[in-house]
Structure formats: structure tokens, C-alpha cells
Amino acid sequence: MATKHEKILQYIESLPVGDKISVRQVAKEMNVSEGTAYRAIKEAENRKLVNTIERVGTIRIEQKKKENIERLTFAEVVNIVDGQVLGGRNGLHKTLTKFVIGAMQMEDMMRYTDPGSLLIVGNRLKVHGNAIRAGAAVLITGGFDASEEVKKLADEVELPIISTSYDTFTVATMINRAIYDQLIEKDILLVEDIIVPISQTATLDSGDLVSDFHARNKTTSHGAFPVTSGSGRLVGIVTAKDVIGMDGEVPIDRVMTPKPISAGMKMSVASAAHRMIWEGIDLMPVVSTGDRLEGVISRQDVLKALQVAQRQPHQGDTFEDLVRSQMEEDKEAESTLLFTVTPRMTNPLGSLSHGALTIMLSEAADQFLKKRKRGESVIESMSVYFMKHVQLGSQVRIRPELLDMSRHFAKMEFTVYSGETIVGKAMMMLQVFER
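Sequence order as written defines residue numbering, which begins from 1 separately in each chain. Two thresholds apply to this predicted model, a pLDDT of at least 70 for residue-level local features and 80 or more for giving and counting side-chain atom pairs, whereas whole-chain, interface and lining totals are computed over all residues. Hydrogens are left out, water is left out, and the side-chain values use all remaining heavy atoms of the structure.

- Under an unreviewed UniProt entry, the name given to the protein chain is DRTGG domain-containing protein, and the source organism is Bhargavaea changchunensis.

### Here's the deal with the packing of aromatic side chains
- Two rings belonging to Phe, Tyr or Trp (six-membered ring only in the last case) form a pair when the distance between their centres is within 6.5 Å. Interplanar angles under 30 degrees mark stacking, angles over 60 mark edge-to-face geometry, and anything in between is tilted. Summed over the entire model, instances satisfying the criterion amount to one aromatic pair.
- Considering the side-chain rings of Phe-213 and Phe-225, the 5.3 Å spacing of their centres and the 80 degrees angle between planes classify their relative orientation as edge-to-face. Here Phe-213, found in helix α10 (residues 210–220), pairs with Phe-225, found in strand β11 (residues 224–228); they are 12 residues apart in sequence, far enough to count as distant.
- Here Phe-225 falls in the buried class, since its relative accessible area comes to 0%.
- Only lysine NZ and arginine CZ atoms are considered, and such an atom sits over a ring when it is within 6 Å of the ring centre and within 35 degrees of the ring normal. Over the ring of Tyr-417 we find Arg-397; its NZ or CZ atom is 4.7 Å from the centre of that ring. Only DSSP runs of H or I covering at least 4 residues are called helices, and only runs of E covering at least 2 are called strands; the numbering of each starts at the N terminus. A simple rule labels every residue: compare its accessible area, found with a 1.4 Å probe on the protein chains alone, to the largest value its type can have, and call it buried under 20%, exposed over 50%, or partly exposed in between.

### A word on the nonpolar core
- The biggest cluster of nonpolar side chains holds 28 residues, and the ones touching the most others in it are Leu-352, Met-360, Leu-361, Val-396, Ile-398 and Phe-414.
- Of all the secondary structure elements, the ones that give two or more residues to this core are α15 (319–325), β18 (337–340), α16 (354–371), β20 (395–405), β21 (409–418) and β22 (421–433).
- Per-element accounting of this core gives the leading share, nine residues, to α16.
- Excluding its chain neighbours within four sequence positions, the residues that come into contact with Leu-352 are Val-341, Met-345, Thr-346, Asn-347, Leu-357, Met-360, Met-387, Val-390 and Val-396.
- In these notes, a set of buried Ala, Val, Leu, Ile, Met, Phe, Trp, Tyr and Cys residues joined through side-chain atoms within 4.5 Å is what counts as a nonpolar core. Counting residues in hydrophobic clusters, the runner-up holds 20 residues, among them Phe-74, Val-81, Leu-92 and Leu-118. The contact criterion used is simple: two residues touch if any of their non-hydrogen atoms lie within 4.5 Å.

### Quick notes on the pattern of salt bridges
- A pairing counts as a salt bridge when a side-chain nitrogen of Lys or Arg comes within 4 Å of a carboxyl oxygen of Asp or Glu. Taken as a whole and assessed by the stated rule, the structure comprises 16 salt bridges.
- Residue Lys-151 pairs with Glu-148 through a salt bridge whose shortest N-O separation is 3.4 Å. One end of the pair is Lys-151 and the other is Glu-148, both in helix α7 (residues 148–157) and three residues apart, which spans about a single turn.
- For Lys-151, a relative accessible area of 13% corresponds to the buried category.
- With a relative accessible area of 59%, Glu-148 lands in the exposed category.

Okay, structure coming up:
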């Protein structure tokens, strides 16, 4: 049976895109307290079911698929530019396909303004109306207003007119940055990308017996099974180790591990890998709100996903990609990496930043372990206990040394050189993720 929280989320999801919702309205409609309604709305916001906009309120928005994540809704644009909605509020949920900067004659501008686009322009009143008629939303820069006629037209066709105090160049930069950030986010592998769904997951019921485990094991060859209640909630997990020497009539709920470690759909694969290594588990259940079982991920699935992800081209470059692009192997010294310090890798004083050095060290550790075919690794702890000034344009050499290694852990020390001078020393403990 669904909880109040789940019922509220289902109600919000059933609302038409563009509907405005409030805590009071949801509490009254669902007959729950305002605190319960508030928590559910916040969860809905995390799931990208609704969006809260200052001076507008909370509205039901279109849930974007991952492949279209680089597109923004007009509601998100309002947040990005600290905008004020002048008209067409009912169209805030719509997705923009592109944005056009109105820095040309009106006739030329209209050639580039298609339905679904966002025209960024100043106080050119005729342009505002023509853009709305062409099916485009309008973002007015410089804090200017629109005419009452255009506002009325925007309400009729449900296309937003937004005003912002920023100038055109700043606005275009802010929107471009937001799209770029979402492209980077799109590259991050989540549990939902690799999950074995519930329809393909072998499970046991809390009322089953140990003999049922053996029967399921024989048909699937799996060594572990999530245990669910009659309503589909995850209540435990049982492995082959748990049933060794047990009589076949013993109930599963007496041998299972209750409240097992689980993952959410939006957890990154890297986080799941770290948790699986740390806890020493090979199978992790994936749950939704209310601990409802959605499927499972295995150690093999996670390892394969991490390996594939590292071979994929990235659409948006992170700071880590920038540091990595400066990396090359030292041909004169085995396992030593070379980095050139660029302006974006420095602190305000023009010296190599601590963050950039940390990325260099983690990359050196990763390369070192992979050459020894020790699989993927996750940093558990790092200590930089000596660091000197390294100026812009310098070439840095990082030489790793393996101090100790077991099946699951590695301890390494790093010496950082600039020329022949030692400029840094660090110690690192890593978890090694083998098959």
C-alpha cells in the first residue's frame, strides 16, 4: 500500500504540465498536513517534476528525458537570469529549442526566429510582438518592459515574455553556461542507466523458505536475491552464505540481512561503486521512494559501466578534463606523468592550485594501477603534506610509488617535481575495484 508521501507524488505527476501548485492546495486536496505536502513538493522538485520560480510560484513542468537534457525550459531560464515574467506564464513549462540574440535588423532577426526559440533582445517593442507571433518566447534585457498589447498576446498564445536587468551578452553567457553544465551532467553515468529492472530481477518474498532460495538459485544461478514484502517493498537481501547449513523449512526472513544497503536511481555509478567496495557487496538493490524495489545492480555491471564511461567522448569539458588534457607520459621515466600549468589551473596568486594538483595526483594513481591491470580504483583518502609555489607555465612531473597493496586496497606516495626541484609530496589510499 502506497504511503502518503508516494500518493502525493503520484498526484503531482498526474497534474497537467503548466499547472501551478502550492503547499496549501496539495495539503487540502490530499487531506494531509502542510509539512507532509511541503516535503513531497521538495521531492518532486528533486525529480524535476515541478520547478519553483521566484515571484511566479511552483509549477508542474515537463520531465525531460536524459537525451534531451541539454534543452532548457523557459521556467529554468527565468531562474538562470533572475528574471521577471511579464506575460505568458502558462507557457513556462515549454522547452526552448535554441536562443537567438537580436542584434540585427528586424527582418533579418525574424529569419532566425523559429517556433520554440527564445529571442534575447532589448527594448525593441515591435520585435517583441513579431517574435511572439512567430511562436518564439522573448527575453528582454536591460530591465525594460513590454507593451500591454504584447503581454496580452503572450498570455493568449502561452509564450513567456521575461525581463531581466542583465545585458544581452551576460544573459547569453549565463544561458550558454547552463546548457554546458547540463551537457556535463548528461555524461555522468547514473544507476538508472545500468539497472537490471524489477521485471528482469529474481526476488524472494519475505514469506518464502530456505528451500525456495535453493530452487531459485538452481533456475537462475544467482547467488543473492533481494527479499520483498507483499507490496513490493525491499525488506532484506539473502545470499548463499546466509543459507549454508540451514534447514529448507527455515523462513527466509530469519536468515536474510534486514534493511540492506541500497541505491537510488539518481545515484552516480561512481558512488555506487565506492559503496559496494567499502561494504564488500556484489549485489545492490535499487529502490524508489518508500523503499519500493526497482531492480538491482551488480559488481560486474558497475565495473563495466565505469570502463565504458572512460572511453566515451565528453560533450562538455569539466575542470578535470582540462587538467587531463595537459597530461603526457614522461618518456625518460617509467610511470611518471607530465603536466603543464595553464592559467585555469592556478590560484589568484598565479600558483598551481591545490585542486588542480589533487586531480593530477588522482590521474597519476589511476594510470599507475591500470598499467598493472588492477582494475578501477576509487580514492578513499589523500593527504598533501608538502607543497611549494609552482608558477604559471611550469611543467610538473609526478612520480608515484606503490608502498603497499592488497586485493582491495592500495597505498601510494607521490613526489611532485618542477624541473629538478621537489615541489610537493602526497600520500593516498585507494580502494581497488576488481571483478
